[in-house]
Amino acid sequence: MSIFEQQTIDMKLPFITILCLVLASCTNNSQFLIQKNQVGPLTAATKVAALDSLYASDSLVRRVGEGDYVQAGNDTYLLYDNQGNPLLSLIPKQQFDPQETIETIQIIDSRYTTSEGLTSASTFGELKAAHHISSIQNTIKSVLVFVDELDIYVTIDKKELPLELRYGTDQKIEAVHIPDDAVIKSFFVGWE
């Protein structure tokens, strides 16, 4: 092999290495990407029956709703990674039906992110900067903030609000009332 051929190979190796790292990074990130109608590999059309195969390398724990019709709880599927860390909580549209799709996903692990960088560990200021807020609802203990472009909503504890807005549900709460450093309490994706 000539010196010229060796130099050409030596110049290509860093490029090939960087390309492989970028491709591996993109593949790994899509596993945790939140998009419209998709959370990682899970889509709005995914059936409950497919969860075991979709998350074969993770641990899926089923909590089947119990009780009579009025008192029955939801079926809940808790997803943990292979090290026992909680990732997601999944609730199907209908109980006891493996052919049903998922209706609500609670995002627990902060590796799940929107393309704009919003995670379960984000603040309200980060949410506001990254996404258009569709609406805000006042509840007894929390504020629900909806982002319709991605079918997501987050809860913010009312303890984060100014004192005069913490009690009752009659007051209209707007984005300007919520401090930028208010921590997201819970992060959900809701598919209908």
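Residues numbered from 1 in each chain as written. Predicted model: local features only at pLDDT ≥ 70, side-chain atom pairs only at ≥ 80, totals over all residues. Heavy atoms only, no water.

## A look at the sheet that holds strand β1 (residues 33–35)
Then step 1. Across the sheet, four strands lie side by side as β3-β2-β1-β8; this open sheet has mixed pairing. Each edge of the open sheet carries a strand with a single partner, namely β3 (42–43) and β8 (113–114).
Then step 2. In terms of strand pairing, β1 meets β8 through two bridges, oriented parallel. Each bridged residue has a counterpart across the sheet, and for L33 the counterpart in β8 is T113. (Pairing = 2+ DSSP bridges. Helix = DSSP H or I, 4+ residues; strand = E, 2+ residues; numbered from the N terminus.)

## With respect to the sheet that holds strand β7 (residues 102–107)
Then step 1. Pairing is antiparallel across the open sheet formed by eight strands, whose spatial order is β4-β5-β6-β7-β12-β11-β10-β9. Only two strands of the sheet have a single neighbouring strand rather than two, namely β4 (59–63) and β9 (135–138). Averaged over neighbouring strand pairs, the angle between their axes works out to 20° when direction is ignored.
Then step 2. Taken together, the four bridges between strand β11 (residues 152–157) and strand β12 (residues 186–190) define a ladder with antiparallel strand orientation. When the sheet's bridge partners are listed, V154 is paired in β12 with F187. (Axes fitted to C-alpha atoms, helices over the stretch in contact; angles between N-to-C directions.)

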